[in-house]
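The lines below spell out each chain.
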Amino acid sequence: MNSPASTTPVRPWYRKEDYIAIIIAFGLIAIIGFWSYVLRPDNMEELTANHTMTKEQIKRLDKSSESYAESKEKLNKQLTEIESKIAVMPLKTSLVKPSDWDNDPRDAFVRKSKSKDAPPKSSGMIGSLIVTGIVLLIVFSMGVFVMGDSTFRFAFAFVAVFAMALIAYTLAGQSVIKNYNLEYVLWALLLGLLISNTVGLPKWLSYAARTELYIKTGLVLLGAEVLFNKLLALGLPGILISWVVTPIVLIGTYLFGQYILKIPSKSLNMVISADMSVCGVSAAVATAAACKAKKEELSLAIGLSLIFTVIMIVVQPYIVLWSGMGEVIGGAWIGGTIDSTGAVAAAGTLVGGTAKDVAATVKMIQNILIGAVAFGVSLYWVSFVERNSDGERPKISEVWTRFPRFTLGFIGISLLLSAIQYQGLEGRMFVSSIVDGATKQLREWMFCLAFVSIGLESNFREYRHMLASGKPVVLYVCGQALNLTLSFLMAWLVFTYLFPETATELLSK
Amino acid sequence: MIAVVAIAACWGFVLPKLAQLQSVRDRIDRFEQAGINPSAVFYTDHPKMAEIERRIDSVVNSEQSSFWGQ
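Residues numbered from 1 in each chain as written. Chains lettered and ligands numbered in written order. Predicted model: local features only at pLDDT ≥ 70, side-chain atom pairs only at ≥ 80, totals over all residues. Heavy atoms only, no water.

## Focus: the overall build of chain B
What chain B contains, in helices and strands, is 4 helices and 0 strands. For chain B, the sequential pattern of α-helices and β-strands runs α-α-α-α. What you see for chain B is a C-alpha radius of gyration of 20 Å, clearly larger than the 11 Å of a compact globule of 70 residues, by over 25%. Out of the 70 residues belonging to chain B, those deemed buried represent 40%. Surface exposure of chain B reaches about 3,700 Å², of which carbon and sulfur atoms provide 59%. For chain B, the separation between the mean place of its 7 positive charges and that of its 8 negative charges on side chains is 8 Å. (Helix = DSSP H or I, 4+ residues; strand = E, 2+ residues; numbered from the N terminus. Rg over C-alpha atoms; globule rule 2.2 N^0.38 Å. Buried < 20%, exposed > 50% of the residue type's maximum accessible area, 1.4 Å probe, protein only. Areas by Shrake-Rupley, 256 points an atom, 1.4 Å probe, with all protein chains shown as cover. Lys, Arg positive; Asp, Glu negative; His and termini not counted. Charge placed at Lys NZ, Arg CZ, Asp CG, Glu CD.)

## Describing the interface of chain A and chain B
Across the boundary between the two partners, chain A contributes 65 residues, which contact 43 residues of chain B. Both sides together, the interface formed by chain A and chain B hides about 4,900 Å², and carbon and sulfur atoms give 64% of it. Inspection of the region where chain A meets chain B yields 5 salt bridges. Note that Glu 83 of chain A and Arg 54 of chain B form a salt bridge whose closest N and O atoms lie 2.7 Å from each other. Across the contact surface, chain A and chain B share 20 residue pairs in polar contact (both at pLDDT 80 or more). (Contact = heavy atoms within 4.5 Å. Buried area = accessible area lost by both parts, 1.4 Å probe. Salt bridge = Lys/Arg side-chain N within 4 Å of Asp/Glu carboxyl O. Polar contact = N/O pair within 3.5 Å; in protein donor to acceptor, adjacent residues only side chain to side chain.)

## Side note on the pattern of salt bridges
Residue and element names in this part refer to chain A. According to the stated counting rule, one finds 19 salt bridges over all chains in the structure shown. With its nearest N and O atoms 3.2 Å apart, the salt bridge here joins Lys 97 to Glu 444. Of this pair, Lys 97 sits in the loop between helix H3 (68-86) and helix H4 (125-146) while Glu 444 is found in helix H19 (residues 424-456), placing the two residues 347 residues apart along the sequence. As a salt-bridge pair, Asp 104 and Arg 106 come within 2.8 Å of each other at their nearest N and O atoms. A relative accessible area of 23% means that Asp 104 is categorised as partly exposed. Given the relative accessible area of 64%, Arg 106 is considered exposed.

## So, the packing of helix H10 (residues 235-260) of chain A against helix H21 (residues 471-498) of chain A
All names here are of chain A. Where H10 contacts H21, the axes come no closer than 9 Å and their chain directions differ by 155 degrees. Relative to H21, the element H10 is oriented roughly antiparallel. As H10 runs across H21, the sense of the crossing is right-handed. Note on element contacts: H21 touches H10 through Leu 475, Cys 478, Gly 479, Leu 482, Asn 483, Leu 486, Ser 487, Met 490, Ala 491, Val 494, Phe 495 and Leu 498, opposite Pro 237, Leu 240, Ile 241, Val 244, Val 245, Ile 248, Val 249, Thr 253, Phe 256 and Gly 257. Across the contact of H10 with H21, the residue classes break down as 17 nonpolar, 5 polar and no charged. (Axes fitted to C-alpha atoms, helices over the stretch in contact; angles between N-to-C directions. Parallel < 35°, antiparallel > 145°, perpendicular 65-115°, else oblique. Left-handed = near helix turned anticlockwise from the far one by under 90°. Nonpolar A, V, L, I, M, F, W, Y, C, P; charged D, E, K, R; others polar.)

## Here's the deal with a nonpolar patch on the surface
On the surface, a nonpolar cluster with roughly 830 Å² of combined accessible area is contributed by Ile 307, Ile 311, Val 314, Val 315, Tyr 318, Ile 319, Leu 321 and Trp 322 of chain A. Look at Ile 307 of chain A and you get exposed, because its relative accessible area is 53%. (Patch = residues over 30% accessible without salt bridge, like charges linked within 9 Å, V, L, I, M, F, W, Y side chains within 5 Å.)

## A short note on the state of the cysteines
A complete count under the given rule lists 0 disulfides over all chains for this structure. Free of any disulfide, Cys 448 of chain A has its nearest neighbouring cysteine sulfur in Cys 10 of chain B, separated by 18 Å. Taking the relative accessible area as the measure of exposure, Cys 448 of chain A reaches 0% and is therefore buried. (Disulfide = S-S within 2.5 Å.)

## Digging into the domain arrangement of chain B
Many authors give the size of an interface as the accessible area that is lost as the parts come together. Annotation of chain B at the domain level lists domain 1 (1-34) and domain 2 (38-65). On a C-alpha basis, the centres of domain 1 of chain B and domain 2 of chain B stand 30 Å from each other. (Domains from an automatic or database assignment.)

## Brief notes about the environment of Ile 307 of chain A
As for its position among the elements, Ile 307 of chain A is in helix H13 (residues 295-323). Sequence spacing of Ile 307 of chain A and Asn 181 of chain A is 126 residues, and the spatial spacing of their C-alpha atoms is 9.2 Å.

## Details of the nonpolar core
Of all hydrophobic cores here, the largest spans 169 residues; its most connected members are Phe 140 and Leu 298 of chain A. Each of domain 1 (1-34) and domain 2 (38-65) of chain B gives at least three residues to this core. Formed by 7 residues, the second largest nonpolar core is a distinct cluster that contains Ile 82, Ala 87, Leu 425 and Met 429 of chain A. (Core = buried A, V, L, I, M, F, W, Y, C linked by side-chain atoms within 4.5 Å.)

## Details of the confidence of the model for chain A
Across chain A, the average pLDDT comes to 90, with 95% of residues at or above 70. The secondary structure element of chain A with the lowest average pLDDT is helix H17 (residues 396-402) of chain A, at 79, and the one with the highest is helix H5 (residues 151-172) of chain A, at 96. (pLDDT = per-residue confidence, 0-100.)

## Overview of the side chain of His 46 of chain B
Among the secondary structure elements, His 46 of chain B is positioned in the loop between helix H2 (22-33) and helix H3 (49-62). Excluding anything up to four places from it in sequence, His 46 of chain B contacts Thr 341 and Ala 345 of chain A together with Gly 35, Ile 36, Asn 37, Ala 40 and Ile 52 of chain B.

What follows is the structure, given as structure tokens:
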């Protein structure tokens, strides 16, 4: 994305954010992976055998038996226990974010117990938050050092940016806010905007407002969560709903924005189209970085997505229930259209258990599309949108020079961990120990820091200018209308005519 | 200063009061019981995703032919 840093003269490759982001992300994954591997249990073979045996037991359960559901749940719990022993997560309790809270914001700094009956523990939470801050500080200080900037100035300012991210998480953790999908990115952005548009961005704080570094490192780490075998989670119906409709909506909305609405900024058009058609915040962040959108364009797209998600999360479940389209079609429709995973699961829950499962699975498959979208948009941008100074399209060698390298890191990590995940139970648990044990939490913090930085470097006037014509809102509404129509038609076609038995199977589980 | 007071009033008083309204409470409790995190950004942020995957996987694996059109 455009930033003051990117306008500086030529820097050697190792001082560019793209390469630093890749090195940091690969380094973190290597360290955490090695640590988990060293700590893996001695009785791995025994645990793997027990896991296989329990899975066989589940398969052999008599579906007609009265105790089927109870026995299956018991065995599934055993599977979860075995998996938690295999997947070692040495940093899981140390890398945290503030807890959710109802009435007292101080509860955000109390560790919630997994068991509902057990009292929450205040000890350790603040310590863990400090550890999280220190890990991020060390990681990014090294990046800033390599970039040739003052590490001391960065570290001093980083404490303030981290504190703002902490406040953003605390605001987002309030139960009402959380239940209407008003995610931390919104509060991080607003806090930054509040400072930059009232007292102004102080010089000392600007040293840690490093949007590009945070966002690109977060994105490369996100690659660890884009696991291609998840594509097959719902068989062909899942692929048809998520991977056929979504690209059609993305391209259709972008073309509508270009040729009908004539939106002046192609990058704004692309970010809104991807944000609305793929999966909200994460798709917007990935696409914005891929097409070098302005910070304000990214935050506008995310703002639109969050506002419309709040409306859809309330309205869509009632349309499903009122129309009688059923849990499977309704779930697939919700999963294919509501932007973020949490909102999809929440809306699905209001329809029913099967709807929730189908909706969340369809959204998960759509999430995996991020990798292909980021790569495709990067390639399209450097090949067809960006022109040479003489107005000509760039040659292939120039396309390579301009291609955003972080995308390669993102795809590389995604392919590497997908291949490891494919190696049976041990591979799956190894990936889980890296992602669930550390990188997921770090990636969220990096995005939060990035949005604080975007707010700090943005001006309200830019948003007013972009919204003045009303075109971004029209683009989102029209694109979402196309998405709602096509997703419904595909879900109906798939579960009524192409694979009618699958709907029955899903309902009878 | 006004913004700080507004944030403190909203998060310290208004939202906690809203959270106590029966309709809002019911909604929050329903999501909590179902293990839903409505503010999850990516699928990996959703706490019950592994359970959902396992349930769907058992259905798809037991009826491979239906889900792969064979």
